[in-house]
Amino acid sequence: MDTSKSSRVKPGDDLDVVIVGAGFSGLYALYHVREMGFSVLGYDDGGDVGGTWYWNRYPGARVDNESVEYSFSFSPEVEQEWSWSERYASQPELLRYFDFVANKYDLRKDFQFNTQIKSVTFSESTNLWTLRTDHGDAVSARFVILATGILSAPKQLDFPGLDTFGGNSYYTSRWPHEPVDFSGQGVGVIGTGSTGVQLIPHVAKVARHLTVFQRTPSYAVPACNRPVDPEFQDRVKAQYAEVRRRESLAFQGGVIKNDEITFGLPQTSALSVSAEEREAEYERCWNSANFTLYWSYNDVLTDRAANETVAEFVRAKIRAKVDDPAVAELLIPTEYAIMTKRLCAEIGYYETYNRDNVSLVSVKDTPIEAITHTGVQVAGRKYELDSLIFATGFDAMTGAVTNIDIEGREGRQIREEWATHGPRTYLGLMSNGFPNLFYVSGPSSPAALFAPIMLAEFQIRWIVARMQEMHSDPKRTLEPTTAAEQRWIEQSKEAADRTLLPQTDSWYMGANIPGKPRVIQAYMGGFVNYQHLCADAVANGSKDFV
Ligand code: N01
């Protein structure tokens, strides 16, 4: 592979492409765009590559997709040269991986770090976008790729007295780079989603006392992490292209059960088998890989009764792990279907509540009243804390886009257009009124519900192919019609309505952010379908695009 290609950028040049974000999407976008001969610059407000893994460096952070799948497929060299040490890579190992790829292809030289893009404005006279940074400078480009991530804009908090806390405050999504030592401290954690579930056992081991403030309990299953079996890794490497091919044909990503690579959906209903057979299957899933319950039976995400059989299985597991029955009941979700919020992968999470130095405070019926100078106040009681950790989630899917002032044709603003009825995109890739501006893992794409890196690679290839088609004619622009957009919104809703997801308040539905329109934020029709639809969109170009 020729790594010497560099973009042809000189100061003041109009660029072909600007990429926002240096996570896995931005890295591959820059690589691919550069390979195709476009001039390109990338920006990231982080200090280095890594995106989500640059920011979320809290203790216990690790991916919950198999490492051998959560990796780039574009480079057979990287596939062969890199070896994973853990089945579900930890955040430090993931950063080492992205560093390895960035070095191998010299990607950093075309990224500007510690730079936030504040506004992106389209000129109808030049057909160029102007991007302004928080340093006050600007750059112009014909194409913009927003590789800004689905879970990168932290949820804004409005606890009364938030700024009055006199101890140390930590946000998991902006964790310090230097080690944090909680030993001897009274620590509070707000939030028990995937992040809290990973973090809490680590803090409990060192804190003098840990108080967990839980509003909604999560369903968490064993992470089933372990060192990668070298023989298994060799087997994957020997057939990587085939593994990726089969994964791309799977509905919602691949499944590796007990180091067996299996893809595809189960054909059996949970309600069609005996209770004993079902229990045995759930037990096998429970012990094999973190998310295999999703693939146990074909109706666990679509039929409430089938779903309830999984939920009851997990509830019994939680009861068995937690010594104090009253604490166990607080930790057991009863009000929503399992897997309609993202399932959490845990390592020692439930056992943490058996420790003498850990207490659980439910803030469901009695919300946090205030953050005070000395701690947190709930139902009139003051919890004194030295440190307070916020694991409170993200303005998922749309937040990273709407945080930028994006102005398209006729002064149209993305933030305003999405404020009332939710995001409007075609295929999660583009929006009407915003020509030549592309999203990777954008709102209403299968992101969040499919192997993230594979989806990003697919979308970036689609985007770059469109840019190539337009390259020879500088006047050409591309944007979807409003009709195509509307059809996509309806298709995404129909796909979601076939599942139980819309019944639960989750970030999939935008429901974790007060005031955000409650609509499905992701396409649930499966990746195979999605690939066909993206191909059809091109074939129907004259119909779906302006
Ligand atoms: O965020 P979340 P997350 N008062 O939104 C609580 C991915 N991820 O960062 O549910 C009190 O899930 C909130 O309570 P409630 C993964 O896709 C992956 O944990 O709104 N509590 C909830 O408990 C995941 O789904 C990995 O009632 C408040 C928590 O904060 C996604 O990121 C690891 C509150 C937020 O949970 C997001 O996970 C980590 C308030 N005012 C993350 N506001 C892996 O790969 C919020 N909360 C393993």
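On a predicted model such as this, the values are computed, not experimentally measured, just so you know. (Residues numbered from 1 in each chain as written. Predicted model: local features only at pLDDT ≥ 70, side-chain atom pairs only at ≥ 80, totals over all residues. Heavy atoms only, no water.)

Peer 1: Would you take a moment to explain helix α1 (residues 24-35) for this structure?
Peer 2: Since the α-helix packs 3.6 residues into each turn, any two residues three or four apart lie on the same face. With twelve residues, α1 ought to run about 16 Å at 1.5 Å a step, and its terminal C-alpha atoms sit 17 Å apart, in line with that. Counted residue by residue, α1 has twelve buried out of twelve residues, so it is predominantly covered. For α1, the full list of buried residues reads Phe24, Ser25, Gly26, Leu27, Tyr28, Ala29, Leu30, Tyr31, His32, Val33, Arg34 and Glu35. Looking at the packing, one finds that the buried side of α1 touches β1 (14-20), β2 (40-43), α4 (91-104), β3 (111-112), β6 (138-146) and α14 (452-471). Of the residues flanking the end of α1, it is Gly37, one or two places downstream, whose phi is positive at about 90 degrees. (Helix = DSSP H or I, 4+ residues; strand = E, 2+ residues; numbered from the N terminus. Expected span 1.5 Å × (residues − 1). Buried < 20%, exposed > 50% of the residue type's maximum accessible area, 1.4 Å probe, protein only. Contact = heavy atoms within 4.5 Å.)

Peer 1: Would you take a moment to explain the pattern of salt bridges for this structure?
Peer 2: Note that side chains of opposite charge can pair when their charged atoms are close. A complete count under the given rule lists 31 salt bridges for this structure. Here Asp48 makes a salt bridge to Arg108, at a shortest N to O gap of 2.7 Å. One end of the pair, Asp48, is in the loop between β2 and α2 (52-55); the other, Arg108, is in the loop between α4 and β3, and 60 residues separate them in sequence. On the basis of relative accessible area, Asp48 is assigned to the partly exposed category, the value being 27%. For Arg108, a relative accessible area of 22% corresponds to the partly exposed category. Among the salt bridges present, the one from Glu79 reaches Arg244, with a minimum N-O distance of 2.8 Å. Taken together, the residues Glu79 in helix α3 (residues 76-81) and Arg244 in helix α7 (residues 240-248) connect sequence positions 165 residues apart. As far as burial versus exposure is concerned, Glu79 and Arg244 are alike and both buried. Via salt bridges that share partners, Asp48, Asp99 and Arg108 belong to a single interconnected network. (Salt bridge = Lys/Arg side-chain N within 4 Å of Asp/Glu carboxyl O.)

Peer 1: Can you walk me through the sheet that holds strand β7 (residues 168-171) in this structure?
Peer 2: Backbone-to-backbone hydrogen bonds pair the strands of a sheet. The strands run either parallel or antiparallel. Taken in spatial order, the five strands of this open sheet run β7-β18-β8-β9-β14, and their pairing is parallel. Looking at which strands have only one partner, the edges of the open sheet turn out to be β7 and β14 (358-362). Going across the sheet, the axis of each strand differs from the next one's by a mean of 20 degrees, ignoring polarity. Across five bridges, strand β8 (residues 186-190) lies against strand β9 (residues 209-214) in parallel orientation. Across the sheet, the residue bridging to Gly188 is Thr211, located in β9. Relative to β9, helix α5 (residues 194-206) is tilted by about 160 degrees, and along the sheet it contacts β8, β9, β14 and β18 (387-390). (Pairing = 2+ DSSP bridges. Axes fitted to C-alpha atoms, helices over the stretch in contact; angles between N-to-C directions.)

Peer 1: What am I meant to see in the environment of Ala419 here?
Peer 2: With respect to the element layout, Ala419 can be found in helix α13 (residues 414-419). For Ala419, a relative accessible area of 44% gives the class partly exposed. Residues Ala419 and Pro517, 98 residues apart in the sequence, show an inter-C-alpha distance of 7.0 Å.

Peer 1: For this particular structure, what's the right way to read α7?
Peer 2: Within the span of α7, buried status applies to Tyr240, Val243, Arg244, Glu247 and Ser248. Looking down the long axis of α7, one finds its buried residues gathered within 130 degrees of arc, a one-sided arrangement. (Arc of directions from axis to C-beta.)

Peer 1: Please explain the sheet that holds strand β15 (residues 368-371) as it appears in this structure.
Peer 2: Ordered by their spatial adjacency, three strands build an open sheet running β15-β16-β17, and the pairing between neighbours is antiparallel. Each of the sheet's edge strands pairs with one partner strand only, and the pair in question is β15 and β17 (381-384). Averaged over all neighbouring strand pairs, the angle between strand axes comes to 25 degrees, with direction disregarded. Of the pairings in the sheet, the one linking strand β16 (residues 375-378) to β17 comprises four bridges and is antiparallel in character. By the bridge assignment for β17, Val378 is matched with Arg381.

Peer 1: It is not clear to me how the packing of α1 against α14 should be interpreted in this structure. Could you clarify?
Peer 2: Contact geometry of α1 with α14 gives a least axis separation of 9 Å together with a crossing angle of 35 degrees. Relative to α14, α1 is oriented so that their crossing is right-handed. Residues Phe24, Ser25, Tyr28, Ala29, His32 and Val33 of α1 form the contact with α14, whose own contacting residues are Pro452, Ile453, Ala456, Glu457, Ile460, Arg461, Val464 and Met467. Of the residues contributing to the contact of α1 with α14, the split by class is ten nonpolar, two polar and two charged. (Left-handed = near helix turned anticlockwise from the far one by under 90°. Nonpolar A, V, L, I, M, F, W, Y, C, P; charged D, E, K, R; others polar.)

Peer 1: When you look at the confidence of the model for the chain in this model, what are you seeing that I'm missing?
Peer 2: Low pLDDT means the predicted atomic positions in that stretch should not be read closely. Mean pLDDT over the chain stands at 94; residues scoring 70 or higher make up 95%. In this model residues 1-8 is a low-confidence stretch, pLDDT under 50, and it forms 25 contacts with partners more than four residues away in sequence or in other chains. (pLDDT = per-residue confidence, 0-100.)

Peer 1: I keep staring at the nonpolar core and nothing clicks. Help me out?
Peer 2: Nonpolar side chains tend toward joint burial in soluble globular proteins. Core analysis: the biggest nonpolar cluster contains 84 residues, and Val17, Phe72, Phe98, Ile145, Met467 and Tyr530 have the highest contact counts within it. In terms of residue count, α14 provides more of this core than any other element does, eleven residues in total. What Ile145 contacts, discounting residues up to four positions off in sequence, is Val17, Val18, Ile19, Val20, Ala29, Val33, Phe438, Val440, Ile463 and Met467. Core analysis: the next-biggest nonpolar cluster, separate from the first, contains 53 residues, Ala220, Trp286, Tyr294 and Leu331 among them. (Core = buried A, V, L, I, M, F, W, Y, C linked by side-chain atoms within 4.5 Å.)

Peer 1: Could you clarify how one ought to interpret the layout of surface pockets in this entry?
Peer 2: A water-sized probe, rolled over the atoms, reveals where empty space remains. There is about 380 Å³ of room inside the second largest pocket. Every residue lining the second largest pocket is counted, 20 residues in all, and those nearest its centre are Asp395, Thr398, Thr402, Ile513 and Lys516. Residue contributions to the lining of the second largest pocket peak at three residues, all from α13. (1 Å grid on protein atoms, 1.4 Å probe; cavity = no way out; pocket = protein on both sides within 12 Å on 5 of 7 lines; lining within 4 Å. Points joined across faces, edges and corners; volume = space filled by probe spheres on them.)

Peer 1: Would you mind showing me how to read the site of the ligand here?
Peer 2: In the vicinity of the ligand there are 23 residues, among which Thr195, Arg215, Thr216, Lys341 and Trp507 approach most closely. One of the backbone N or O atoms of Thr192 is found 3.0 Å from an oxygen atom in the ligand. Here an oxygen atom of the ligand sits 2.8 Å away from a polar atom, N or O, in the side chain of Trp507. Examining the composition of the shell around the ligand, we find that three residues originate from one element, α5, more than from any other. Of the residues assigned to the shell around the ligand, the class counts are eight nonpolar, nine polar and six charged. (Near = heavy atom within 4 Å. Polar contact = N/O pair within 3.5 Å; in protein donor to acceptor, adjacent residues only side chain to side chain.)

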